[in-house]
Amino acid sequence: MKALRSHSVGGPDTLTLDEVDVPSPGKGEVLVDVKACAINYPDTLIIRDLYQFKPERPFAPGGEIAGVVEAIGEGVEGYCVGDTVMAGIGNGGLAEKVIVPAGRMFPVPEGVQFEKAASLLMTYGTTIHGLKDRGHIKQGDTVLIFGAAGGVGLSAIELSKAFGARVVAAVSSAAKGEVAKQAGADEVVIYPREEMDKAASKELANAFKAACGPDGANIVYDIVGGQYSEPALRSIAWEGRFLVVGFPAGIAKMPLNLTLLKSCDICGVFWGAFTAREPAKFVAQVEELFELMKTGKIDPLVSETFPLERAGDAIAKLESREAVGKLVVTMD
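Residues numbered from 1 in each chain as written. Predicted model: local features only at pLDDT ≥ 70, side-chain atom pairs only at ≥ 80, totals over all residues. Heavy atoms only, no water.

1. Focus: the pattern of salt bridges
Test applied: Take a side-chain nitrogen of Lys or Arg and a carboxyl oxygen of Asp or Glu: if they are within 4 Å of each other, that pair is a salt bridge. Here's how the labels work: a residue is buried when its accessible area is under 20% of the maximum for its type, exposed when over 50%, partly exposed in between, all with a 1.4 Å probe on protein chains only.
With the rule as written, the count across this model stands at 21 salt bridges. Asp33 serves as the salt-bridge partner of Lys35, at 3.3 Å between the closest nitrogen and oxygen. An identical accessibility class is assigned to Lys35 and Asp33; each is buried. A salt bridge links Lys97 to Asp33; the shortest N-O distance between them is 3.7 Å.

2. So, helix 10 (residues 279-294)
The following threshold applies: The numbering of helices and of strands both runs from the N terminus, where a helix is a DSSP run of H or I of at least 4 residues and a strand a run of E of at least 2. Multiplying 1.5 Å by the helix residue count minus one yields the expected span of that helix. Along the arc lie the directions from the helix axis toward the C-beta atoms. When checking whether two residues touch, look at their non-hydrogen atoms; a contact exists if any pair is within 4.5 Å.
Between the first and last C-alpha of helix 10 there are 23 Å, a value that for 16 residues agrees with the 22 Å anticipated at 1.5 Å per step. Residues of helix 10 that are buried: Phe282, Gln285, Val286, Leu289, Phe290, Leu292 and Met293. The arc that holds the buried residues of helix 10, viewed along the axis, is 165°, so those residues lie on one side. Opposite the buried face of helix 10, by more than 90 degrees, sit the exposed residues Ala280 and Lys294. Tucked inside the fold, the buried residues of helix 10 contact strand 5 (84-88), strand 7 (105-107), helix 3 (121-134), helix 4 (151-162) and helix 9 (271-277). Note on helix 10: the residue one or two positions beyond its end, Gly296, has a positive phi of about 80°.

3. Thoughts on the side chain of Ser160
Convention followed: Polar contacts here mean pairs of N or O atoms no more than 3.5 Å apart (in protein, one a potential hydrogen donor and the other a potential acceptor; neighbouring residues in sequence count only if both atoms are side-chain atoms).
In this structure, Ser160 sits in helix 4. Judged by relative accessible area, Ser160 falls into the buried class, the value being 0%. One polar contact links the side chain of Ser160 to the main-chain carbonyl oxygen of Ala156, over a distance of 2.7 Å. When near neighbours in sequence (up to four residues on either side) are disregarded, Ser160 contacts Leu131, Ile137, Val143, Ile145, Ala165 and Val167.

4. Brief notes about the environment of Arg241
When you line up the elements, Arg241 lands in strand 12 (residues 236-244). For Arg241 and Ala3, which are 238 residues apart along the polypeptide, the C-alpha to C-alpha distance reads 41 Å. Residues within four places of Arg241 in sequence aside, it is in contact with Arg134, Gly135, His136, Lys138, Asp141, Asn218, Ile219, Val220, Ile236 and Asp265. Reaching out from Arg241, the side chain makes a polar contact with the side chain of Asp141 at a distance of 3.2 Å.

5. Some remarks on the packing of aromatic side chains
Applicable threshold: Working definition: rings of Phe, Tyr and Trp (its six-membered ring) pair if their centres are within 6.5 Å, and the pair is stacked with planes under 30 degrees apart, edge-to-face with planes over 60 apart, and tilted otherwise.
On inspection of all chains with the given rule, the structure shows nine aromatic pairs. When the centroid spacing of 5.9 Å and the interplanar angle of 50° are considered together, the rings of Phe146 and Tyr191 count as tilted. Note that Phe146 is positioned in strand 8 (residues 142-146) and Tyr191 in the loop between strand 10 (187-190) and helix 6 (198-212), a separation of 45 residues in sequence. A relative accessible area of 0% means that Phe146 is categorised as buried. An angle of 40° between the planes, with centres 4.5 Å apart, marks the rings of Tyr191 and Tyr228 as tilted. Note that Tyr191 is positioned in the loop between strand 10 and helix 6 and Tyr228 in the loop between strand 11 (217-222) and helix 7 (229-234), a separation of 37 residues in sequence. On the basis of relative accessibility, which here comes to 4%, the residue Tyr191 falls in the buried class. By relative accessible area, which is 1% here, Tyr228 ends up buried. What links up through ring pairs into an aromatic cluster is the set Phe106, Trp271, Phe282 and Phe290.

See below:
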């Protein structure tokens, strides 16, 4: 079988398409014939040794897959050969076949395409955990969402609207703003791509305040970080929740005096660790996502697909912050 693997620390150009042996499932494991693997921001980090987890090389990136059960290991119950499944696996998904612990798998809901099934767990899973467990979202809240046209950002728009919130989408272009509006955003703020000086940072903070309204944002969903985080913190509501999700623009340095002045919280959202620490709660949230998908309240936007040999291009496109919605690698 083929796998796109990292042999040395570096960018997507260092990945090589290798011919490797088909693995055999052990106790509690399943061999999945991968049909689709979604690309996520951790894929850009893990190959550079910048992610929280550093797998032993060589390894294939790709933490979110959908496919068909090909073989079942000892002790696995509830699955049969031929079942369509989806799973969050951390890494290893950019391969034609992959071993998956049975406890990390879910049946693909009826009628859902492999590309969309592979795009659900990490993005929507991160967001439902962030908004509910860390942000304590409630009806009538205002949610300011960064990177709102990407996969995670769009999931945040859809879920915020499903939970009865008002959404302000922050994006880097007018075209991305239109994507956010189509997903349900009530307001759009376009932030600059270039480096901001103090005056520009203050201007952006004022734009956020105007869009969020006089009370400010009850939740800031920060997928981007960098120079954009402080202006958002300045627009937060009294006792607001600032959710730290990702840092493609860099790790922000926050003026902590603002947390006192706003009596607000800065909360980390580490979905991967959450799923391991609270598996029952994780499963319940995935079931809730299935219900929301069934009722049409969420629907992953797959904007582009790539063959396995071009998966590095997909990672590069996501890394450059050019992607809209989800980029998915398909094996057929």
